[in-house]
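Chain by chain, the residues run as shown.
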Amino acid sequence: MKKIPEHIAIIMDGNGRWATEKGMPRNAGHQAGVETVRRITAECVRLGVKYLTLYTFSTENWNRPADEVSALMGLVLTSLEDEIFMKHNVRFRVIGDMKRLPDDVQQKLRETEEHTAGNDTMTMVVALSYSSRWEIAEAVREIVAEVHDSLGTTKFLKTGGLFPKDITEETVAQHLQTRFMPDPDLLIRTGGELRISNYLLWQIAYSELYFCDTYWPDFAEADLHKAIESFQSRQRRFGKTEAQVEGNEK
């Protein structure tokens, strides 16, 4: 059996355009997108995916019309009522700037994380009020707080911290919001756009990228299979030569 990606990240794009083309309000597209999340989550569980990270609401999305933002926040609350987490033994986690979210949304997110903490078949991670540049800036602030000055005295907030020479890529990774899971093997973007949109920029350094024109509400299990098949057809070299990789596989 060909290898299933351990971690799939998805940019769920096209909800608004899907609705507009059907003569419906944009919020109807977001509602339809929730149904797709349920289907794709169940299929990822069936296939053996261990982590599914969904780009739900970016920090840039706060600039959208107030009524759409309000509707999206309400949709977060209602969608978390879904028992898909318990039915499929899925753990729920959230990454992003939670402080910007309404209090009732923050509370519901915490409750869902706590309620599903013991589930271990797959972890669904929702990126909410998230952007990668924000995440990296937060990591830098945390690291700076742990760094000593050149005299060896504590210059910032914490004692017993790091010297600049001690900071490695692993140091940065351990201060990111995603430190509890591996980097994505496969990044999927629906909706026809060919960009990353400030999503998991550090983490996708060696992820395989897959773009499709299908709007997220129409993204079906068969589309997920196509993306995985594309992933399976590629050779992941991580900077090595083709001969080196083939030698390790033998």
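Before going into details, it helps to say that this report is about the structure given with it.

Reading guide: rules and limits
- Residues numbered from 1 in each chain as written.
- Predicted model: local features only at pLDDT ≥ 70, side-chain atom pairs only at ≥ 80, totals over all residues.
- Heavy atoms only, no water.
- Helix = DSSP H or I, 4+ residues; strand = E, 2+ residues; numbered from the N terminus.
- Buried < 20%, exposed > 50% of the residue type's maximum accessible area, 1.4 Å probe, protein only.
- Contact = heavy atoms within 4.5 Å.
- Polar contact = N/O pair within 3.5 Å; in protein donor to acceptor, adjacent residues only side chain to side chain.
- Expected span 1.5 Å × (residues − 1).
- Arc of directions from axis to C-beta.
- Phe/Tyr/Trp six-rings, centres within 6.5 Å; stacked < 30°, edge-to-face > 60°.
- Lys NZ or Arg CZ within 6 Å of the ring centre and 35° of its normal.
- Pairing = 2+ DSSP bridges.
- Axes fitted to C-alpha atoms, helices over the stretch in contact; angles between N-to-C directions.

Okay, the environment of Arg 17 next. You can see Arg 17 is positioned in helix α1 (residues 15-21). By relative accessible area, which is 29% here, Arg 17 ends up partly exposed. Excluding residues within four positions of it along the chain, Arg 17 makes contact with Arg 26, Gly 191, Glu 193 and Tyr 215. A polar side-chain atom of Arg 17 sits 3.1 Å from a polar atom in the side chain of Asp 13.

Before going further, it helps to examine helix α8 (residues 221-232). Along its 12 residues, α8 runs 16 Å from first to last C-alpha, staying within 8% of the 16 Å computed at 1.5 Å per residue. Every buried residue belonging to α8 is among Asp 223, Leu 224, Ala 227, Ile 228, Ser 230 and Phe 231, and all of these are buried. Projected down its long axis, α8 carries its buried residues within an arc of 155°, all on one side. In this structure, the buried residues of α8 make contact with β1 (7-11), α2 (26-47), β5 (186-189) and β6 (208-211).

For residues other than glycine, phi is negative in most cases, and the peptide bonds are mostly trans. Even without being glycine, Ser 129 reaches a positive phi, approximately 55°. As for its placement among the helices and strands, Ser 129 is situated in strand β4 (residues 122-130). The backbone phi angle of Ser 197 is positive, close to 55°, even though this residue is not glycine. Of note, Ser 197 is situated in the loop between β5 and β6.

It is worth spelling out the packing of aromatic side chains at this point. Two descriptors summarise a pair of aromatic rings, namely the distance from one centre to the other and the angle between the planes of the rings. Evaluation of the coordinates by the stated rule reveals 6 aromatic pairs. Ring geometry for Phe 85 against Phe 92: centres 5.4 Å apart, planes inclined by 65°, an arrangement best described as edge-to-face. One exposure class covers both Phe 85 and Phe 92, and it is buried. These aromatic residues form a ring-pair network of at least three members: Tyr 55, Tyr 130 and Tyr 199. Over the face of the ring belonging to Phe 180 we find Arg 93, whose NZ or CZ atom lies 3.9 Å from the ring centre.

The subject of this paragraph is the environment of His 7. Among the structural elements, His 7 can be located in strand β1. By relative accessible area, His 7 is classed as buried at 1%. For His 7 and Met 122, which are 115 residues apart along the polypeptide, the C-alpha to C-alpha distance reads 9.6 Å. Dropping the residues within four chain positions of it, His 7 is found in contact with Tyr 51, Leu 52, Thr 53, Met 181, Pro 182, Asp 183, Pro 184, Asp 185 and Leu 186. Separated by 2.7 Å, the side chain of His 7 and the backbone oxygen of Pro 182 make a polar contact.

With 9 of 9 residues buried, β4 lies mostly within the body of the structure. Relative to β4, strand β2 (residues 51-58) runs parallel, the two sharing 7 bridges. The residue of β4 that forms the bridge with Tyr 51 is Thr 123. As paired elements, strand β3 (residues 90-95) and β4 share 6 bridges and run parallel to each other. Pairing of Val 94 across the sheet is with Val 126, part of β4.

The parallel open sheet is built from 6 strands, whose spatial order is β3-β4-β2-β1-β5-β6. Edge positions in the open sheet fall to β3 and β6, since each of these has one partner strand only. When the angles between neighbouring strand axes are averaged without regard to direction, this sheet yields 20°. Sheet analysis places β5 next to β6, joined by 4 bridges and oriented parallel. Each bridged residue has a counterpart across the sheet, and for Arg 189 the counterpart in β6 is Phe 211. Contacts from α8 reach β1, β5 and β6, with the element oriented near 140° to β5.

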